[in-house]
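Chains, contacts and geometry: an overview
Next come the chains, spelled out residue by residue.
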Amino acid sequence: MSKPIYVLSGPNLNLLGAREPEIYGHQTLEDVQRLCEARASALGCSIVFRQSNHEGELIDWIQEARTEGSALVINPAGYGHTSVAILDALKAVGVPVVECHLSNPASREAFRHQTYVSLAATGTVSGFGAASYELAIEAAAGLVGEASK
Ligand code: CA2
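All of the points below concern the structure found in this document.

So, how was this worked out
- Note that residues are indexed from 1 along each chain, following the sequence as it is written.
- pLDDT decides what is reported in this predicted model: residues at 70 or higher carry local features, side-chain atom pairs at 80 or more are listed and counted, and totals for whole chains, interfaces and linings draw on all residues regardless.
- Computation of side-chain values covers all heavy atoms of the structure but excludes hydrogens and water.
- The residues that make up patches have over 30% relative accessible area and no salt bridge, and they are joined within 9 Å when like-charged or within 5 Å when they are Val, Leu, Ile, Met, Phe, Trp or Tyr.
- Using a 1.4 Å probe, the Shrake-Rupley method yields the accessible areas, and only the shown protein chains count as cover for residues.
- Salt bridge, as used here, is a side-chain nitrogen of Lys or Arg placed within 4 Å of a carboxyl oxygen of Asp or Glu.
- Runs of H or I in DSSP of at least four residues are treated as helices and runs of E of at least two as strands, each being numbered from the N terminus.
- Each residue is placed in one exposure class: buried if its accessible area under a 1.4 Å probe, protein chains only, is under 20% of its type's maximum, exposed if it is over 50%, and partly exposed if it falls in between.
- Being near a molecule or strand, for a residue, means having at least one of its heavy atoms within 4 Å of it.
- Whenever two N or O atoms come within 3.5 Å, that pair is a polar contact, provided that in protein one can donate a hydrogen and the other can accept it, and provided that, for residues adjacent in sequence, both atoms are side-chain atoms.
- Only buried Ala, Val, Leu, Ile, Met, Phe, Trp, Tyr and Cys residues count toward a nonpolar core, and they belong to the same one when joined by side-chain atoms within 4.5 Å.
- Here, two residues are considered to be in contact whenever any of their heavy atoms come within 4.5 Å of each other.

A few words on a nonpolar patch on the surface. A contiguous nonpolar patch, built from Val84, Tyr116 and Leu119 and spanning about 280 Å² of accessible area, is present on the exposed surface. Checked against the element boundaries, Tyr116 lands in the loop between β4 (97–101) and β5 (123–126). With relative accessibility at 33%, the residue Tyr116 sits in the partly exposed group.

Bringing the site of the ligand into the picture now. Lining the immediate environment of the ligand, one finds 16 residues, of which His81, His101, Leu102, Ser103 and Arg112 sit closest. Asn75 is positioned with one of its side-chain polar atoms (N or O) 2.8 Å from an oxygen atom of the ligand. Within the side chain of Ser103, an N or O atom sits 2.5 Å from an oxygen atom of the ligand. About the coverage of the ligand: the protein hides 94% of its 510 Å² of free accessible area.

What follows deals with the pattern of salt bridges. The full count for this structure, using the stated rule, is 6 salt bridges. Residue Asp31 is joined to Arg34 by a salt bridge in which the shortest nitrogen-to-oxygen separation is 2.8 Å. Here Asp31 and its partner Arg34 are both found in helix α2 (residues 29–42), 3 residues apart, which amounts to about one turn of the helix. In this structure, the salt-bridge partner of Arg108 is Glu109, at a minimum N-O distance of 3.9 Å.

Counting 23 residues, the largest nonpolar core has Ile5, Val73 and Tyr133 as its most contacted members. Contributing elements (two or more residues each) for this core: β1 (5–9), α2, β2 (47–51), β3 (71–75), β4 and α5 (130–147). Ranked by the residues each element gives to this core, the list is headed by α5, at 5 residues. In this structure, Val73 is in contact with Ile5, Tyr6, Val7, Leu8, Val98, Cys100, Ala136, Ile137 and Ala140, ignoring residues within four places of it in sequence. Within the second largest apolar cluster, 18 residues are counted, among which are Leu8, Ile62, Ile74 and Val95.

Put into structure tokens, the structure is as follows:
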């Protein structure tokens, strides 16, 4: 059995579905998790799905993915725009990293146009709501398949 793809979500994403549905959609994080599990299972892989409001906890999980995961999908939320510490952890993770966002940060305020995470990610999926997570898992599974050839 191959190692799971870690799917990590950053701060405030636990509020998904409860506020700002015009930006982030009506689905809750539990709905997103169910979609991710279904997509992973269709691709023949498994996921570890976690959310935290705490930078250090996200970093602990990124470090865990180094030994326990096959790839990492991360929606860093606000930390993507601020956290050099998360970038440093991602640079050391040693497995493929795919960044994802529900909204399209490039079409929003200027401070959202860049993320530190992008510097460590193979690619980014943005703007498709919950489907961004599913597409990111698909991309990550593809990168794992490529690496094992
Ligand atoms: O579009 C995304 O997924 C973001 O990562 C979401 C972050 C934002 O800072 C990024 O620029 C783009 C914000 C997450 C906040 O999530 C909420 C969800 C529901 C209600 C309030 C906040």
